[in-house]
4 protein chains.
Amino acid sequence: MARPSRKEILQDFRTRSLLEATRKTLANEGFEAVTMERVAQEAGIAKGGIYLYFRNKDQMIFTALEEIASEMTQEIDTRVDPGARPWERLCQVVSAQLDSMERHKDVLRTLLLIRWHMGNSRQRKKWQRLLKYRTRHLERIRAILDEGLRANIFRLLDTAAGAFYINEMAIGTAQRRMMGLSGSSLEADRRSLIEFIKPLVLDQKTLST
Amino acid sequence: MARPSRKEILQDFRTRSLLEATRKTLANEGFEAVTMERVAQEAGIAKGGIYLYFRNKDQMIFTALEEIASEMTQEIDTRVDPGARPWERLCQVVSAQLDSMERHKDVLRTLLLIRWHMGNSRQRKKWQRLLKYRTRHLERIRAILDEGLRANIFRLLDTAAGAFYINEMAIGTAQRRMMGLSGSSLEADRRSLIEFIKPLVLDQKTLST
Amino acid sequence: MARPSRKEILQDFRTRSLLEATRKTLANEGFEAVTMERVAQEAGIAKGGIYLYFRNKDQMIFTALEEIASEMTQEIDTRVDPGARPWERLCQVVSAQLDSMERHKDVLRTLLLIRWHMGNSRQRKKWQRLLKYRTRHLERIRAILDEGLRANIFRLLDTAAGAFYINEMAIGTAQRRMMGLSGSSLEADRRSLIEFIKPLVLDQKTLST
Amino acid sequence: MARPSRKEILQDFRTRSLLEATRKTLANEGFEAVTMERVAQEAGIAKGGIYLYFRNKDQMIFTALEEIASEMTQEIDTRVDPGARPWERLCQVVSAQLDSMERHKDVLRTLLLIRWHMGNSRQRKKWQRLLKYRTRHLERIRAILDEGLRANIFRLLDTAAGAFYINEMAIGTAQRRMMGLSGSSLEADRRSLIEFIKPLVLDQKTLST
DNA sequence: CATGAATGAGGCTTCATTCAT
DNA sequence: GATGAATGAAGCCTCATTCAT
């Protein structure tokens, strides 16, 4: 395998710095605070230099967001034990998702902004690729539900819909925390959500949390 | 009661035009497309004229959004039969909410943006007042859950949390439709959501939809 | 003599209100705070109504300033005893001028602004008429100096120049007070100035203050 | 010592152009004519470019004014012979001040405007720093008077007050010239002023001009 | 006459992007 | 390649003046 050349290493480093700076600014000061000037400075690169690594501002932000989405997906994957039984796995996914969102609380705000942009036909294309991560996550949940259904552990339901709702509740929970409206600990919020979806399980005597 | 004078009528008409223009722009082209110049033009008013009706851009947008929130709240109220039994009322609320969100699909996007702004401490105050409508809605749902709980119809649950989750699922559903990702009819989405929360009811044999 | 008609009385009252409002605003908040809107409101007249009494903003301000200049001139006249001897009269004039400027401290600022405008050839004409009051004042002082000279009381000097310098010192004193840089009482400032011009008098043993 | 780089030279040139343009506009058309647009054009720079050299309009004007004040101070310093005797030095200062003001006649107008702004409590802070030059000048005069007093050459007087009055007369003289009201040559005005303050000297036989 | 809503020119400032060095 | 000065299009807001009612 070709060892990365000196040039490639530098390019990579610069790209990383820029993305880091973008995320940091996004997190600390919000979308409107992200100016090329600011990001460049934070990354220790000249303003004009950004354009060597990104086509334009939109693409830079897009890439930063995609990176976060990707990280979150991975974080969740890591936390799920493929050998566990469906309900346990579901709990793991939900818990991992809440944790991950909490950790990325600050940028989550912007990440969720794409939901908003997706409603605008003109901008749709620009952000569409980020949906991939959402879809993947929904399918992960759905697979668990399907398995539970086949094993006759879960109540009969439209698993696609179920996955969707569970994800929405998790996101809502994270958003509420982000807005400072939660009032409970993350752990309490987690328990609450799991409690709410527990009726999915037919024989509740068998449940652990 | 004093009949509105000619002047008042005109004032009202102008204010309406501006709000309409704001909503329309907001809906069609998104938040960043809302320019004083543009709104003025769309409303058939000179640029400077806006400031006769609104203190500044923020207040204009705020008013437009609040109006929508208020309309939605009222639309839902109208659709709920206070005499109906808890589960029926819950279904009415959810259905009404979905309908209302569908009707205001375009601006809903922006309305939900406040979730985003609320995460930015600097802008928090500006939008905080809009939370009133959310709170009111959550309490409406919670009251129904409480009543059902007291009547021993609903499964035991934290009603505040329950209200929160139901609302999140409804909003998520609307958002999905808005993003063009639903694929089903509104009616199908409604059934799906209601189906998902049906386990709340203890004796499901008694259920109508 | 024709008794002023009802209409004329009203016109006069309105004009007065507007000038008063102009002066008040000028005094309290400075030149840039004088907007037609504000003055109209303060005067209890509709914005458009101003144009029934003044050709435009400039003329309104001009008239207000002229009024003040005129008042100051009169105030000084009142304070001078035509029968007194030259040095006493000089002291009276200077004292009266300082008092009057102190009383009109706030608007004096704007009044002196015309010195500034007079340097701009384009605006010169607009304010030139206000010079009348300055000229009159200088002549008043000069007449006193002339008389003192003829009576052999004052040291030989160019009386026109002397009048000019004395006036400048008085204005400077008032300005210093206005800028909050004086630190002394008005009375102390008065004494100081008179002390400084005392060498004008040949035989200082005869002096009272 | 580091030779100024090409970049620094250019930066300096731009700054100079802008300040020059500001002064010119200030001089020719007055304070209100100073527009960012206009200054930029006059300096041959794009509108937005100004902000590379000045934080905002206020700072730009402030800098221009301070520059003038500083130049004038230096011009006067250059003209005073530290070895000369008090009265000669006083004459040198006054002459230099009149010359300097004559040379900067055009902008002097605006420089004196700070007297006006200083009367407005809201703007006071903004211009306060310019008072430094005035204070320095007053102290220069005062030091001369003090020395003359100690040497028993000057008549007894409050030297601080004396410095103040002399300065006011000089400024007044310059202003009168600026307003086109002088009618005499600068030299005549100079003589006149010096003549007026001559009584400060006790033994006038010793005087040269 | 009187009103004040409406106009629209004009001012300040920001910022993505380009390009000479 | 890298830099950052320069550009200029927008954006928000103010306010003297006009004019329909």
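A quick note: this is a predicted structure, and the numbers were derived from the prediction, not measured. (Residues numbered from 1 in each chain as written. Chains lettered and ligands numbered in written order. Predicted model: local features only at pLDDT ≥ 70, side-chain atom pairs only at ≥ 80, totals over all residues. Heavy atoms only, no water.)

A. Spatial organisation of the interface of chain D and chain C. Taken together, the contact between chain D and chain C spans 40 residues of the former and 38 residues of the latter. Roughly 3,600 Å² of surface becomes buried between chain D and chain C when both sides are summed, with 62% attributable to carbon and sulfur atoms. Together, D:Trp116, D:Tyr165 and D:Met179 form the three largest contributors to the area buried by chain D at its contact with chain C, with a combined 22%. Joining chain D to chain C, the criterion identifies zero salt bridges. The tally of links between chain D and chain C comes to four residue pairs in polar contact (both at pLDDT 80 or more). Broken down by secondary-structure element, the contributors of at least two residues to the side of chain D that touches chain C are α1 (6-29), α5 (105-117), α6 (121-128), α7 (131-150), α8 (159-178) and α9 (186-197) of chain D. (Contact = heavy atoms within 4.5 Å. Buried area = accessible area lost by both parts, 1.4 Å probe. Salt bridge = Lys/Arg side-chain N within 4 Å of Asp/Glu carboxyl O. Polar contact = N/O pair within 3.5 Å; in protein donor to acceptor, adjacent residues only side chain to side chain. Helix = DSSP H or I, 4+ residues; strand = E, 2+ residues; numbered from the N terminus.)

B. Representation of the protein's contact with DNA strand E within the structure. Residues in close proximity to DNA strand E total 36 residues, the closest being A:Lys57, B:Arg14, B:Ala46, B:Tyr53 and D:Lys57. Taken together, the sugar and phosphate atoms account for 66% of what DNA strand E places within 4 Å of the protein. Between DNA strand E and A:Lys47, the relevant distance is 3.2 Å, taken from a base oxygen to a side-chain nitrogen or oxygen of the residue. Between DNA strand E and the protein, one listed contact pairs a phosphate oxygen with a side-chain N or O atom of A:Tyr51 at 3.1 Å. Secondary-structure elements contributing two or more residues to the surface near DNA strand E are α1 (6-29) of chain B together with α1 (6-29) and α3 (50-53) of chain C. With three residues, α1(C) is the largest single contributor of residues to the surface near DNA strand E. Counted by class, the surface near DNA strand E contains 14 nonpolar, 12 polar and 10 charged residues. (Near = heavy atom within 4 Å. Nonpolar A, V, L, I, M, F, W, Y, C, P; charged D, E, K, R; others polar.)

C. Up close: the packing of aromatic side chains. Scanning the entire structure with this criterion turns up 12 aromatic pairs over all chains. On the numbers, 5.0 Å between centres and 45° between planes, the contact of A:Tyr165 with B:Phe196 is tilted. Of this pair, A:Tyr165 sits in helix α9 (residues 159-178) while B:Phe196 sits in helix α9 (residues 186-197), placing the two residues on different chains. With respect to class, A:Tyr165 is no different from B:Phe196; both count as buried. Through a chain of ring-to-ring contacts, the aromatic side chains of A:Phe164, A:Tyr165 and B:Phe196 assemble into a single cluster. Across from the ring centre of C:Phe164, 3.7 Å away, lies the NZ or CZ of D:Arg176, which sits over that ring. (Phe/Tyr/Trp six-rings, centres within 6.5 Å; stacked < 30°, edge-to-face > 60°. Buried < 20%, exposed > 50% of the residue type's maximum accessible area, 1.4 Å probe, protein only. Lys NZ or Arg CZ within 6 Å of the ring centre and 35° of its normal.)

D. Local environment of the relation of the copies chain B and chain A. The transformation that overlays chain B on chain A combines an axial shift of 0.0 Å with a rotation of 177°, and the residual RMSD is 0.6 Å. Each copy turns onto its partner about a two-fold axis. Looking at the interface residues of chain B, 95% of them are also at the interface in chain A, so both copies use one shared face. (Least-squares fit on C-alpha atoms with pLDDT ≥ 70 in both.)

E. The arrangement of the side chain of C:Thr25 in detail. Residues and elements named next belong to chain C. The topology assignment puts Thr25 in helix α1. Separated by 2.8 Å, the side chain of Thr25 and the backbone oxygen of Ala21 make a polar contact. When near neighbours in sequence (up to four residues on either side) are disregarded, Thr25 contacts Gly30, Ala33, Val34, Arg38 and Glu42.

F. Examining the relation of the copies chain D and chain C more closely. Superposition of chain D onto chain C requires a rotation of 177° combined with a translation of 0.1 Å along the rotation axis, giving an RMSD of 0.6 Å. By residue overlap, the copies meet face to face through one surface: 95% of the interface positions of chain D are interface positions in chain C.

G. Just the protein's contact with DNA strand F, in detail. Taken together, 35 residues surround DNA strand F, and among them B:Lys57, C:Lys57, D:Arg14, D:Ala46 and D:Tyr53 come closest. Backbone sugar and phosphate groups make up 66% of those atoms of DNA strand F lying within 4 Å of the protein. Contact distances for DNA strand F include 3.1 Å between a phosphate oxygen and a backbone N or O atom of B:Met36. Within the contact set of DNA strand F, a phosphate oxygen lies 3.1 Å away from a side-chain nitrogen or oxygen of C:Tyr51. Elements that contribute at least two residues to the surface near DNA strand F include exactly α1 (6-29) and α3 (50-53) of chain A together with α1 of chain D.

H. Fine view of the domain arrangement of chain A. Residue and element names in this part refer to chain A. What the domain assignment lists for chain A is domain 1 (7-54) and domain 2 (64-202). Contacts between domain 1 and domain 2 engage nine residues on the former and 11 residues on the latter. Both sides together, the interface formed by domain 1 and domain 2 hides about 840 Å², and carbon and sulfur atoms give 59% of it. Our count for the contact surface shared by domain 1 and domain 2 stands at three salt bridges. (Domains from an automatic or database assignment.)

I. Region of interest: the arrangement of the chains. Separating chain A from chain D is a minimum C-alpha gap of 13 Å, and the two share no contact. You won't find any contact between chain B and chain D; their C-alpha atoms come no closer than 21 Å.

J. Fine view of α7(D). Residue and element names in this part refer to chain D. The end-to-end C-alpha separation of α7 is 28 Å, in line with the 28 Å expected for 20 residues at 1.5 Å each. Every buried residue of α7 is listed here: Leu131, Tyr133, Arg134, His137, Leu138, Arg140, Ile141, Ile144, Leu145 and Gly148. Taken from the residues just after α7, Asn152 is the one with a positive phi, measuring 65°. (Expected span 1.5 Å × (residues − 1).)

K. Layout of the interface of chain B and chain A. Each partner contributes to the interface: chain B provides 40 residues, whereas chain A provides 38 residues. In total, chain B and chain A occlude about 3,600 Å² of area from one another, counting both sides; carbon and sulfur atoms represent 62% of this. On inspection of chain B and its partner chain A, the count reaches four residue pairs in polar contact (both at pLDDT 80 or more). Contributing elements (two or more residues each) for the side of chain B that touches chain A: α1, α5 (105-118), α7 (131-150), α8 (159-178) and α9 of chain B. Of the residues forming the side of chain B that touches chain A, the biggest block, 12 residues, is contributed by α8(B). Within the side of chain B that touches chain A, the residues separate by chemical class into 18 nonpolar, 11 polar and 11 charged.

L. How the structure looks around the packing of helix α8 (residues 131-150) of chain C against helix α9 (residues 159-178) of chain C. Residues and elements named next belong to chain C. Orientation of α8 relative to α9, taken along the N-to-C sense of each, is 125°, at an axis distance of 8 Å. Taken as axis vectors, α8 and α9 run oblique relative to one another. In this structure, α8 meets α9 at a crossing whose hand is right-handed. When α8 is examined against α9, the residues Arg134, His137, Leu138, Ile141, Arg142, Leu145, Asp146 and Leu149 are found in contact with a partner set consisting of Thr159, Ala160, Gly162, Ala163, Phe164, Ile166, Asn167 and Glu168. Residues of the contact of α8 with α9, tallied by class, amount to eight nonpolar, four polar and four charged. (Axes fitted to C-alpha atoms, helices over the stretch in contact; angles between N-to-C directions. Parallel < 35°, antiparallel > 145°, perpendicular 65-115°, else oblique. Left-handed = near helix turned anticlockwise from the far one by under 90°.)

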